[in-house]
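# Overview (structure and organization)
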Amino acid sequence: MATKVAVKRRKLLRAFLESGIAAALLVCALVSVAVLILVFAYLVGNALPFFGSYSLWSFLTGTVWMPVPPYPSYGVLPLLMGTIMVSFVAALIAIPIGIGCTIYLSEIASPGVKKWLKPAIEVLASIPSVVYGLFAALVLSEWLKAIFNPVTRLNALNGAIILAVMIIPILVSISEEAMNSVPRHLKEASLALGANRWETIRRTIIPAALPGIVAAIVLSIGRAVGETMAVIMATGNSTQFTTNILASVRTMTATLAIDVPEATNGSQEYYALFAVGLLLFVITFAINIIADYVMARYREAYK
Amino acid sequence: MEKKMMYVAVAVVIVIIVAAVGAVLLLNKPAPSGPTAKIVLLQKTPGAVAYSPLNEQAVYNGSYPLSRYLYLYTNGIPNSTSSLYEWLSYIYNANTGEVDINNAGFYPLQTADHAAMVAQLSHGNTNSLSGDFKEGGSTTMAQLAVLWAAGFKNQTGHTVTISLGGSGVGISNFIGGTVDVAQSSRAMTATEKASAHAKGINVTEWKVAVDGISIIVNNANTVTTLTISQLEGLFNATFTNWPQVGGTNTPVTLYGRDYNSGTWSSFKDLVLKNKENYSQSMLQANANALILPEVENDAGGVGYVGIGYAKEVAGTSSTAAMISMAMVMAAAGDDL
């Protein structure tokens, strides 16, 4: 009798503890959502006053960014163009290398090779971005000068190449996960039907893993859009509106880092920088939504 | 099969490494022996006498058109027991601080200015900060502040922590209370003074040295002299090719500082006299020390730096570039 009561009590205690833990975990999850909402609200709240005194249209279509009194101009296009050029060229360089690397790692490499190659790629992700920036400013710029002879050795291509190196590890680790989760029976069926290894990779594994690979690409572009330190050191930071990849550009993140310390709290420039931040937030948010959507579809396909 | 492929892969990697090392060795030509950039002489009007910022007298009496003061800002005048008092006394001493000013490549204050500053220091009253303190701001003054701080540490044992980021950053940190002293290569603006006042800060200005903002161009450039209006034309993009100001056919590329820099604003006030903005195509460096290497590498490049950073070009050694380059790298991590 006594033991029965004890067991009952223990069960009650456990149920209580478990619901407590579940509640605590829910709070943890809600905190991150709350932070996201607060950041968004803060950005919007501080960007709105800017659009009270400056038209949204001239902000989005202006080609001169010069937040300097007495004649300030807040055209975001040169910065947007800078961000787009640098991150998309970075993606163009990183995608073939990253995907090739992933195919090799997940399908071809022997476990022995994989054991040292994978950590080696992951080390790339742990190098601080200021070190990449230093390398781009001092070494890579010299090489580009020797090859392309640009007018200024600090330019968009310099930033794009260093960004490509920085995003390859992200691309590889996410897309490798996608390739590994292609069900084993698909691969075996393909081989059993007489397809050779390359045909299996090309016709079976890549199509099956494609949504995951696309998500990896989108996420790494998101990372490239958000990178600040390396591009600030590599691209020369001129505010000109240009589509020339060998000209100096300034990205949106670099603008925030450069102009924020000088902006007086509450001035038009201060709010303008929040507007840039909001635009950046919207862009990366959209990129992440796209990645999530693609990933979700891919998960459904192989449930 | 697996093994064979692995050998091939390893061979390819070795080839890539060898090629990369080879490329580095080929491209890293030995540093040229002579200077690869030079200082341009400036004249106020066409036909007037042209002066170099290396001419101390011309910088002092304003014949060199881009002279300016370098400043420190404190909250009130430190009283004679405070470590800020010791700091300013060190700076205004001809045997300590002024030697450092010369070593950093700048010019000490002239007698009258010096006497006025020493007199101001003798009226110490409010600020009684003691022990170690923080100073921050101008990158033009980076090496100067480091030399001062090292000598000061030797003499008094107090540590002065120097941070950079530009004059604007230093002043806003000073107003925000995160540094005790602002170092600035421009005077505080009325707006900044007002917001400091609103926070109860009694802004006290200390002129500490004299600088001649120097215009540097690539050594291959045939232009040796510019008028102020030609300089204005270059930096507002009226002139985009060197023949327009007497050089040979090369497109002009502009190297300047960013918005946080005191040199950015001093140069704008002194040269862009029609209140126009800098050309959009100007590259914007976040430190003086980053401008010289770009101009050395660009036949059409023109840039502006504090005289301490230009002396290296003229073959006069100053500790400027080395120290501040190291500090920029250190500060970059902090700031961003």
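Residues numbered from 1 in each chain as written. Chains lettered and ligands numbered in written order. Predicted model: local features only at pLDDT ≥ 70, side-chain atom pairs only at ≥ 80, totals over all residues.

## Brief notes about the interface of chain A and chain B
Heads up, the rule is: Whether two residues are in contact depends on their C-beta atoms, placed from the backbone: they are in contact if these lie within 7 Å. Only DSSP runs of H or I covering at least 4 residues are called helices, and only runs of E covering at least 2 are called strands; the numbering of each starts at the N terminus. In this classification, the charged set is Asp, Glu, Lys and Arg, the nonpolar set is Ala, Val, Leu, Ile, Met, Phe, Trp, Tyr, Cys and Pro, and all remaining amino acids, among them Gly, are polar.
Taken residue by residue, the interface counts 30 residues in chain A and 28 residues in chain B. Of all the secondary-structure elements, those providing two or more residues to the side of chain A that touches chain B are α5 (129–148) and α10 (252–259) of chain A. Top contributing element to the side of chain A that touches chain B by residue count: α5(A), with six residues. For the side of chain A that touches chain B, the class distribution of residues is 15 nonpolar, 10 polar and five charged.

## A few points about the domain arrangement of chain A
Rules: For every domain, the bounds stem from an assignment made automatically or drawn from a database.
Splitting chain A by domain gives domain 1 (2–44) and domain 2 (73–301). One C-alpha centre belongs to domain 1 of chain A, the other to domain 2 of chain A, and the line joining them spans 37 Å.

## Some remarks on the environment of B:Leu231
All names here are of chain B. Relative to the elements of secondary structure, leucine 231 occurs in helix α9 (residues 228–235). Here the alpha-carbon distance between leucine 231 and aspartate 269, two residues 38 residues apart in the chain, equals 13 Å. Apart from the residues within four sequence positions on either side, leucine 231 is in contact with Ile215, Leu226 and Val271.

## Details of the sheet that holds strand β4 (residues 133–137) of chain B
Residues and elements named next belong to chain B. Rules: Paired strands, in this sense, are two strands between which DSSP finds at least two bridges. Only the contacting stretch of a helix is used when fitting its axis, a line to C-alpha atoms as for every element, and angles between N-to-C directions run 0 to 180 degrees.
The strand order across the open sheet built from five strands is β5-β4-β6-β3-β7, with neighbouring strands paired in mixed fashion. Edge positions in the sheet fall to β5 (160–163) and β7 (203–212), since each of these pairs with one other strand and no more. The mean angle between the axes of side-by-side strands here comes to 20°, regardless of whether they run parallel or antiparallel. Relative to β5, β4 runs parallel, the two sharing four bridges. For glycine 136, the partnering residue across the bridge sits in β5 and is serine 163.

## Looking at the domain arrangement of chain B
Put simply, an interface is often sized by how much accessible area is lost when its parts join up. Residues and elements named next belong to chain B. The assigned domain composition of chain B is domain 1 (37–61 + 213–317) and domain 2 (69–211). Taking the mean C-alpha position of each, domain 1 and domain 2 sit 28 Å from one another. Listed as interface residues are 16 residues of domain 1 and, on the opposing side, 20 residues of domain 2. Listing elements by their share of the side of domain 1 that touches domain 2, those giving two or more residues are α2 (56–61), α10 (262–271) and α12 (307–310). Of the residues belonging to the side of domain 1 that touches domain 2, the class tally is five nonpolar, nine polar and two charged.

## Remarks on the sheet that holds strand β10 (residues 253–257) of chain B
Residues and elements named next belong to chain B. The mixed open sheet is built from five strands, whose spatial order is β1-β8-β12-β10-β11. This sheet does not close on itself; its edge strands, each paired only once, are β1 (37–39) and β11 (283–285). Adjacent strand axes in the sheet meet at a mean angle of 25° when their direction is disregarded. Across three bridges, the pairing between β10 and strand β12 (residues 301–305) is parallel. Directly across from threonine 253, in β12, lies its bridge partner glycine 301.

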